[in-house]
Structure formats: structure tokens, C-alpha cells
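One letter stands for each residue in the lines below.
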Amino acid sequence: MRLARARLGDGSLVDVDVAGDRIVALSPTGTTPPAGDVLDLDGRRLIPGLWDEHVHVRTWAVSTRRIDVRAATGPGQAAALIRAALPAADPGLPVVAVGMRDGLWGGAPSRLLLDEVAPDVPVMVVSSDLHSTWSNAALGRLLGIELDATGMLREAASFAAATRVESLVADRADAWVGAALADLGRRGVVGVVDLDFDDAVGAWERRPVPPVRIDAGVYPQHLEAAEARGAGTGALIRGLARVGPLKVITDGSLGTRTAYCHRPYPGTTDRGVLEVPPERLEELLRRGAALGLTPAIHAIGDAANALALDAFARTGIRGRIEHAQLLTGADLARMATLGIGASIQPEHMLDDRDLVDRYWADRAADAFRVGSLVAAGIDVVFGSDAPVTPLDPWSAISAAVTRSRDGDPPWQPWEAVDVETALRLSARTRLAVGEPADLVALGAEPAPHALRTMPVDLTLVAGGITHCTL
């Protein structure tokens, strides 16, 4: 197949020939005869396919079927949204809402409030950052867990409870995953890193072949299964799915006030939660390396990032840090020296700018760096952390370029990057002979003001068309 009259970033027009899953030729438009079918791009900009480097795939797909309480400004409003949705709830299943942002609420969650809304129906509200849940007594009884007066669970306890609730829809979740992934070509997505909390590798062993490339992560609790499989990072699972990184969550999140920091959160002596102590992290890095697994270490607070870099330095193992939301200048330089990458989610910056003002105001300049990471030579990649933010790489690209959304003033605009850099950080391949035929044709010029609504006219994954409006 030939993609004719494709426009490159420098404005030149080329013909791109694809055979199988590879680019086999690039030539100035009209200078070589086509060898097969021709698809005329008519001067549309052609770019490498876009990746989302951090997705919780099953959780994201399931969340699209849940009650959305992101608009709530307090627990009362969230409870009212849940009450209104109860008549349409599936009988026999817990009612689940998503998008809680209690870090910005004027009042604190209360278990009794949810008990009043649904005394007999189990209810769970999942925070927008996935690191906490708010539930009623009926949910506690269903799971056999003790809930205090707030009904709140955080970090490991919350992840465990939410995973058990998700398991109750396991019989339909795989179909939801397939339907959600099938729509990604519309936004130019050719691959995602699946960091869901279940055994993602095992899930992709049984699911149908995905329409996008999948790197399925491995968590510490699944290392024995990984050892039994004998498959390290990059090993084929089936179709377009491969084994991804070893994911280790070392601290919490800003929204839940559990990101592990050098200094306490305002008005408290609490520095957050360190989920994995340094000696355990080093042990996991070494064990993962022995199995051929490249590490992806979740670290959000500045203290968590420092400890993650300590572990990388002591073990000599290379990998990347997921999020790296609060990073001192010294640790940014150390990250570059050690050759550690950063997998960041620029849209988090715009969701959390008010949280930074409330909880990290004294170190805001260290928060949500993008331009500084790039300037230091750090290998930066973009993602969404879906369902925390929408699985749409154009949102991340726009956030990184404009540092703004919905007409708000740009936040710390000195950390912005240009459009071409943002596109590069969202892709894994290049437009070159021998590269994978993961390609996207745009319907408009990728100008800063138009990135969020960027039309995509064609998406190819491994040479196959997954979306086309031509």
C-alpha cells in the first residue's frame, strides 16, 4: 500500500510505501511508481502513531460504565448524583462511582452519608487518582472489611477493595475492554502500556488479539507467575500484545495526600505514605532484572522520587519513574546522570494545579516539570494514567505545549515544550524505512490552540487500518 502525498513536518511531500507491518520506502511525491493500492493523503500531515505509556486498561474500560462524580464539589453533591443513578443500577452488583476529588472538597466524606443514600445497596466511590475509595457499610459487609466513620480506604487497602469489586464484573469486563480499545484509532493511538492492577499478562493471554499494541505490566505480586512464564519485557504474549515493565508503586498520590514528601502536608505532621521501603525496592529491582523485566517505578512525592533514584543508583539497574510529579533540582540532575527515564502525564498538571496550590505551594516550582526534564536530556514519554485522565494523547500533548485548559492562564509556562517535541514524546517510532507501519494522518495542522480537538483522518497499526475517514 502507498500513502501518497503525505506531508512531513518540514512541509515536504512524500510517498510512503508500506508492506506487511513495515515502512519499506519513502520517496519524494511522484518520483517512483506505486507497487500496490494507493491511498491519497492529499497533503495531510503524517506523523508516527501515538502511544499512551500509562493506562490501567481494564479499570479504564470498566470506568466508562460507572457513575461520574467529577463535577461534585463536596460529599453531598456526590451522594446526590449516586442517589439519582440508583434506579438504573444493575441489580445484585455494587454501585460504583468514579472521579472523587475529596482533596478539593469543602467537607469530608462520611460513611453515614452513603448509608443514608443506599442502606442496603453496596456503594463504592473511587477517587479520580485511584488511590482511595469511599464506601458505605453495605459495601464493607459485602467484602468483609471494617470501615470507619469516614468510609474511606487509602492506598493498598483501597486498591485491594476496588480490585475485588471490579472482579464482580469480570464476565463482561473483557468485552468492555475490546470495545474501548477499538475506538482508539479515532485519536491516533497505536499502543498502550497496560499497568492494570490484575495479572495483565494473564489477561492478554486469554483476551482476543487487541487492535492496538499492548505492553502488559507485571506487579510484584505476579512475579512468581512471571518467573513461571519465563518471559521478560518485550516478550510476545500473542498478536500485538507483549510483556511490559515491572511496575512498583512506592508511594501514594497528591489528591489522596499520600505522596511521600520531604516535608509534611500543611497543618499536619504527615509526609505521606511510603508503600515500599528502600531495601524492598532494591530487592524487587534485582529480582525483576533477573527475570528480564525493565522497572517502571511509581514515585510522586519528592522523597519517593529521591528514594527511587537511590535504589537505581545502588543496583545499577536502568528503567523509568512513573509520574515524577514533585522532583527537586538536584534529583532531576541525578535522574539525567543515572540515565533514568520519566513517564509523565501532563494532563495531571491541569487537574492538580489547585491541589499544588493547597498542599505543595512552597515547592510548586518542583512540581509537574516537563521542559526541565527534556532540557536535561532525560528520556521522557507521555501518558494519561487513564481512567485518571481521558485516554487521549492530544490532551497530554496540549497540556504539555500550552500548560492551560478551558481558557485558564498557563500554569508555570516556562515548563512548556513545543508541538514537535510533544509529538515526539508521544510516539515510539520514526517516519523512516524499516520502522513499524504505525502511522497517523491528521486532518488539520497541529497548532497549539487546536491540539485538543485535533482531527485524525487515518490510523495504521502494524500496517493495518484501524481508523479512516478518507
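Not measured: the values here are computed from a predicted model.

### Section: the overall build of the chain
Phase 1 of the analysis: Helices and strands together make up the secondary structure of the chain, namely 15 helices and 22 strands.
Phase 2 of the analysis: In summary, the chain has a C-alpha radius of gyration of 23 Å against a globular reference of 23 Å for 470 residues, a match within 12%.
Phase 3 of the analysis: Counting only C-alpha atoms and orienting by the principal axes, one finds that the chain spans roughly 75 × 50 × 50 Å.
Phase 4 of the analysis: Of all 470 residues assigned to the chain, the portion counted as buried reaches 58%.
Phase 5 of the analysis: The contacts in the chain between residues at least 6 apart in sequence include a share of 70% that link residues at least 24 apart.
Phase 6 of the analysis: Total accessible area on the chain stands at roughly 17,900 Å², and carbon and sulfur atoms take up 54% of it.
Phase 7 of the analysis: A gap of 1 Å separates the mean positions of the 46 positive and 60 negative side-chain charges of the chain.

### Side note on the sheet that holds strand 20 (residues 439-442)
Phase 1 of the analysis: With antiparallel pairing, the four strands of this open sheet are ordered in space as 5-20-21-22. Lying at the two open borders of the sheet, with one neighbouring strand each, are strand 5 (46-48) and strand 22 (464-468). The average undirected angle you get between the axes of adjacent strands in this sheet is 20°.
Phase 2 of the analysis: Sheet analysis places strand 20 next to strand 21 (residues 456-461), joined by four bridges and oriented antiparallel. Pairing of A441 across the sheet is with L458, part of strand 21.

### Some details on a negative patch on the surface
Phase 1 of the analysis: Residues D354, D357, D406 and D408 make up a contiguous surface patch of negative charge.
Phase 2 of the analysis: By the element assignment, D357 lies in helix 12 (residues 346-359).
Phase 3 of the analysis: With a relative accessible area of 46%, D357 lands in the partly exposed category.

### What about the sheet that holds strand 1 (residues 2-7)?
Phase 1 of the analysis: The four strands lie next to each other as 3-2-1-4, forming an open sheet whose pairing is mixed. Both outer strands of the open sheet, strand 3 (22-28) and strand 4 (38-40), are each paired with one neighbouring strand and no more. Direction aside, neighbouring strands of the sheet carry axes that sit 25° apart on average.
Phase 2 of the analysis: Sheet topology places strand 1 next to strand 4; three bridges connect them, and they run parallel. Looking at strand 4, one finds that A4 is bridged to D40.

### Some remarks on the UniProt feature "domain: Amidohydrolase" (unreviewed entry) in the chain
Phase 1 of the analysis: Annotation from UniProt places "domain: Amidohydrolase" (unreviewed entry) at residues 37-464.
Phase 2 of the analysis: Here residues 37-464 is 34% helix and 19% strand, with 13 Å between the C-alpha atoms at its ends.

### Section: unusual backbone geometry
Most peptide bonds take the trans configuration, and most residues that are not glycine carry a negative phi.
Phase 1 of the analysis: Omega for the peptide link from A386 to P387 comes to 15°, which places this bond in the cis form.
Phase 2 of the analysis: Inspection of the secondary structure assignment puts P387 in the loop between strand 19 (380-382) and helix 14 (393-402).
Phase 3 of the analysis: For D406, which is not a glycine, the phi torsion comes out positive at approximately 55°.
Phase 4 of the analysis: With respect to the helices and strands, D406 occurs in the loop between helix 14 and helix 15 (419-425).
Phase 5 of the analysis: Taking the relative accessible area as the measure of exposure, D406 reaches 72% and is therefore exposed.
Phase 6 of the analysis: Notably, Q412 is not glycine yet its phi reads approximately 45°, a positive angle.
Phase 7 of the analysis: Here Q412 shows up in the loop between helix 14 and helix 15.
Phase 8 of the analysis: By relative accessible area, which is 9% here, Q412 ends up buried.

### With respect to the domain arrangement of the chain
The parts lose accessible area when they come together, and the size of an interface is often stated as this lost area.
Phase 1 of the analysis: Structurally, the chain comprises domain 1 (66-168) and domain 2 (174-430).
Phase 2 of the analysis: Averaged C-alpha coordinates put domain 1 and domain 2 at centres separated by 26 Å.
Phase 3 of the analysis: The interface of domain 1 with domain 2 comprises 16 residues on the first partner and 20 residues on the second.
Phase 4 of the analysis: For the domain 1 and domain 2 pair, buried surface summed over both sides reaches about 1,500 Å², with 55% attributable to carbon and sulfur atoms.

### Quick look at empty space enclosed by the protein
Phase 1 of the analysis: For the structure on display, the rule yields two cavities of 30 Å³ or more.
Phase 2 of the analysis: Considering only enclosed or pocket space, the largest cavity measures out at about 80 Å³ in volume.
Phase 3 of the analysis: Among the elements that line the lining of the largest cavity, the one with the most residues is helix 12, at three residues.
Phase 4 of the analysis: A breakdown of the residues in the lining of the largest cavity according to their chemical character gives six nonpolar, four polar and two charged.
Phase 5 of the analysis: Estimates place the volume of the second largest cavity at around 60 Å³.

Thresholds, definitions, all that
Here the residue index of a chain counts from 1 through its sequence in written order. The predicted origin of the model limits local features to residues at a pLDDT of at least 70 and limits the giving and counting of side-chain atom pairs to 80 or more, whereas totals for whole chains, interfaces and linings rest on all residues. With hydrogens and water stripped out, all remaining heavy atoms of the structure feed into the side-chain values. Helix numbers and strand numbers start at the N terminus; a helix is a DSSP run of H or I with at least 4 residues, a strand a run of E with at least 2. To get the radius of gyration, use the C-alpha atoms; to get the globule rule, take the number of residues to the power 0.38 and multiply by 2.2 Å. For each residue, the accessible area found with a 1.4 Å probe, counting protein chains only, is set against the maximum for its type, and the residue is called buried under 20%, exposed over 50%, and partly exposed in between. Contact criterion: two residues are considered in contact whenever any of their non-hydrogen atoms come within 4.5 Å of each other. Computed by Shrake-Rupley with a 1.4 Å probe, the accessible areas treat only the displayed protein chains as cover when residues are assessed. His is not counted here, nor are the chain ends, while Lys and Arg score as positive and Asp and Glu score as negative. To locate a charge, the coordinates of NZ of Lys, CZ of Arg, CG of Asp or CD of Glu are taken. Strand pairing is defined by DSSP finding a minimum of two bridges between the two strands. Orientation is described by axes fitted as lines to C-alpha atoms, over the contacting stretch for helices, and by angles from 0 to 180 degrees between their N-to-C directions. Patch membership requires more than 30% relative accessible area and the absence of a salt bridge. Residues of like charge join within 9 Å; the nonpolar side chains Val, Leu, Ile, Met, Phe, Trp and Tyr join within 5 Å. Salt bridge criterion: a side-chain nitrogen from Lys or Arg within 4 Å of a carboxyl oxygen from Asp or Glu. UniProt positions are given in the numbering used here, feature names are shortened, and annotations may be inferred rather than shown by experiment. The split into domains, and so the bounds of each, comes from an automatic or database assignment of domains. Buried area is understood as the total, over both parts, of accessible area removed when two parts are fitted together, assessed with a 1.4 Å probe. A 1.4 Å probe that fits but cannot get out identifies a cavity on a 1 Å grid over protein atoms alone, an open set with protein on both sides within 12 Å along at least five of seven lines counts as a pocket, and a residue lines either if it has an atom within 4 Å of a point. Grid points are joined across faces, edges and corners, and a volume is the space filled by probe spheres set on the points. The nonpolar class holds Ala, Val, Leu, Ile, Met, Phe, Trp, Tyr, Cys and Pro. Asp, Glu, Lys and Arg form the charged class, and all remaining residues, Gly among them, are polar.

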